[in-house]
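# Examination of the molecular architecture
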There are 2 protein chains.
Amino acid sequence: MATSLPPGLLVAPDPDAPGLTARVDATDQDGAPIALDVVEERPLTIYLNAREVVTAMTVRDHPRWLALGFLANQGMLRPSDRVTGTDYDDELGVVVVRTAQVTDHEAKLARATRTSGCAVGTVFGDMMDGVADVVLPRLDVRLSDLRALSSAIARTPSLYLSAGAVHGTCLCRGPEPLAYFEDVGRHNAVDKLAGWMRVTGTDPSDKTLFTTGRLTSEMVIKCALMGIPALVSRSGFTAWGVRIARDVGLTVVGRLKGSRFQCVAGADRLVRDVP
Amino acid sequence: MATSLPPGLLVAPDPDAPGLTARVDATDQDGAPIALDVVEERPLTIYLNAREVVTAMTVRDHPRWLALGFLANQGMLRPSDRVTGTDYDDELGVVVVRTAQVTDHEAKLARATRTSGCAVGTVFGDMMDGVADVVLPRLDVRLSDLRALSSAIARTPSLYLSAGAVHGTCLCRGPEPLAYFEDVGRHNAVDKLAGWMRVTGTDPSDKTLFTTGRLTSEMVIKCALMGIPALVSRSGFTAWGVRIARDVGLTVVGRLKGSRFQCVAGADRLVRDVP
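Read on for a plain summary of the structure. Once a new chain begins, its residue numbering starts again from 1 and follows that chain's sequence as written. Just so you know, chain letters begin at A and ligand numbers begin at 1, following the order they were written in. Note on the predicted model: pLDDT of at least 70 is required for a residue's local features to be given, and 80 or more for side-chain atom pairs to be given and counted; whole-chain, interface and lining totals, by contrast, use all residues. Hydrogens and waters are ignored; side-chain quantities use all the structure's heavy atoms.

## Regarding the overall build of chain A
As a reminder, the rule being used: Counting from the N terminus, the helices are the DSSP runs of H or I reaching at least four residues and the strands are the DSSP runs of E reaching at least two. Here the radius of gyration uses the C-alpha set of atoms, whereas the globule reference equals 2.2 Å times the residue count to the power 0.38. Two residues qualify as a contact provided that any one of their heavy atoms is within 4.5 Å of a heavy atom in the partner residue. Only the protein chains shown count as cover for residues, and all accessible areas are computed by the Shrake-Rupley method using a 1.4 Å probe. For the purpose of counting charges, residues Lys and Arg are taken to be positive, whereas Asp and Glu are taken to be negative. His and the chain ends are not included. Taken as the charge location is NZ of Lys, CZ of Arg, CG of Asp or CD of Glu.
A tally of regular secondary structure across chain A gives eight helices and 14 strands. Since a compact globule built from 275 residues should have a radius of gyration of about 19 Å, the 19 Å found for chain A is in line with a globular shape. Considering only intrachain contacts with a sequence separation of at least 6, the fraction spanning at least 24 residues in chain A is 55%. By element, 51% of the accessible surface of chain A is carried by carbon and sulfur atoms, the whole surface being about 11000 Å². Side chains of chain A give 30 positive and 32 negative charges; the mean places of these two sets differ by 7 Å.

## Details of the sheet that holds strand β2 (residues 33-39) of chain B
Rules: Should DSSP find at least two bridges between two strands, the strands are regarded as paired. As a rule, the C-alpha atoms of each element are fitted with a line to give its axis, helices using only the stretch in contact, and angles between N-to-C directions run from 0 to 180 degrees.
Strand order in the open sheet made by the eight strands is β9(A)-β8(A)-β10(A)-β11(A)-β12(A)-β13(A)-β1(B)-β2(B), with mixed pairing throughout. Of all the strands in the sheet, just β9 (176-183) of chain A together with β2 of chain B have a single pairing partner and so form its edges. For this sheet, the mean inter-axis angle between neighbouring strands, taken without regard to orientation, is 30 degrees. Both strand β10 (residues 208-211) of chain A and strand β11 (residues 230-233) of chain A contribute to a ladder of four bridges, which runs parallel. Within β11(A), the residue paired with A:L209 across the bridge is A:L231. Against the sheet, helix α4 (residues 143-155) of chain A touches β8 (167-173), β9, β10, β11, β12 (251-257) and β13 (260-265) of chain A, its axis set at about 50 degrees to β9(A). Sheet contacts for helix α7 (residues 217-225) of chain A: β10 and β11 of chain A; angle to β11(A), the most-contacted strand, approximately 145 degrees.

## A word on the packing of helix α6 (residues 186-200) of chain A against α7(A)
Residues and elements named next belong to chain A. The test is simple: Between 65 and 115 degrees an angle is taken as roughly perpendicular, under 35 as roughly parallel, over 145 as roughly antiparallel, and anywhere else as oblique.
Between α6 and α7, the least distance of the axes is 11 Å, while the angle of their chain directions is 0 degrees. Looking at the two axes, α6 sits roughly parallel to α7. On α7, the residues touching R186, H187, V190 and D191 of α6 are E218, M219 and K222.

Next up, the structure:
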């Protein structure tokens with residue numbers, strides 16, 4: 001398959017960037033030597049001001065966007081929180097997101113550590129609470145656009161094509177891919193996108209999120225919290241993800257393969273403009 | 001493909017068990033109505049004694065084994081910790097693992113919350129420290145066994161066959177699948193297995209771990225910490241996973257499709273007994 005960069009793409013994978021892949025000597029089924037390009041995952045520890053929040057295994061192409069997007073998608077960083085800087089140390093594998101004021105999350109953690117412990121488990125509850133208020137704008141989704149996007153994304157040079165073992169996520173408008181991220185963790189790819197959208201002030205209301213990963217509840221919640229009204233994947237669904245999508249008005253198309261797919265939410269918003 | 005239960009299988013998926021899947025109304029690419037069986041993921045909060053540790057989104061078929069295996073694989077529960085009970089409340093979605101004495105992990109958390117915060121990030125460091133001492137026993141892996149396992153596992157009734165969107169992990173001995181677990185999270189499936197192995201006292205030294213997921217560093221570390229000397233997957237690799245596997249003497253076969261595969265570690269332990 002010939003690869004080419006779609007013209008409207010603002011952020012694209014760079015499979016040739018140093019440090020993203022390594023050459024590994026291996027053997028095939030017959031014992032013959034083969035050289036594989038394999039993706040490099042490296043630990044990245046994310047701080048919110050002085051608070052250590054998480055260590056993620058990640059492809060280190062966009063550590064600052066990953067940190068911002070992770071904190072935003074977890075509800076730890078609110079839209080109203082003013083970010084004064086993101087400091088990244090490649091050698092230490094640390095990124096620190098700094099805000100003008102102490103965040104609600106830090107205040108909550110300070111309370112939680114005085115009472116029941118680590119409060120890790122509260123994060124999921126916070127995400128669920130956040131999504132309860134979401135009502136997404138109505139967006140018509142043309143099947144011709146889905147077909148064009150599927151083809152354009154598959155032909156874009158990527159870590160997936162050169163090394164495999166990564167998930168991809170691409171923000172799209174109509175038939176055009178706009179910003180394409182990859183990572184060993186499918187959530188990291190979405191978080192990088194969320195960070196990029198926050199930094200660039202990208203309007204989500206007319207966008208579609210393409211992803212290679214499964215459409216679990218957490219993926220649906222992230223898409224809804226990011227304000228993106230359509231979610232499309234090559235992979236399948238979970239029941240809770242479907243319920244949340246229907247509650248918030250998210251159009252969900254999965255198991256997209258060639259011209260075939262399954263739509264579990266928002267089928268009335270699909271525009272069937274191809275035979 | 002006809003499904004059948006391999007004779008030696010001690011634990012098998014039960015796709016017909018209540019609560020594991022839901023029927024969802026959907027439409028196909030032509031707008032025709034279809035009924036999908038979709039996997040149910042539900043939150044499960046794991047406690048170690050009075051400490052809330054994590055909330056995982058999981059298929060709730062084996063919550064106790066999941067909790068035990070998660071805590072063991074994270075190094076929070078040591079082999080020497082005596083477990084006095086695992087209490088599971090299905091309605092609350094809570095499982096509490098109780099030990100006779102306070103664990104090192106609880107003591108560490110009590111220290112950490114007094115200093116730098118939540119100590120979530122230390123967990124990965126603990127896992128890496130744990131694997132540094134591992135030297136796995138030498139196990140010859142027959143290609144005929146890999147082929148038999150691949151076929152037997154693919155024919156076993158499973159959530160994957162009935163609903164999709166899950167990962168599977170199966171502990172095997174020679175050509176025989178022994179214990180097969182599935183989950184929306186690939187790590188949850190491995191953690192359920194780890195819990196089962198702990199409860200049953202299963203010897204890992206002559207076993208092979210089959211998984212559908214990618215062989216990331218965390219998957220390699222878990223396999224090594226569980227003492228299993230061979231790891232096989234349909235999916236690909238990451239560079240750090242390969243390095244760790246070579247350090248600990250883990251045989252790693254990936255991208256297994258039919259008779260084709262790639263071996264990135266321990267090729268000298270493969271027994272090429274099929275053409």
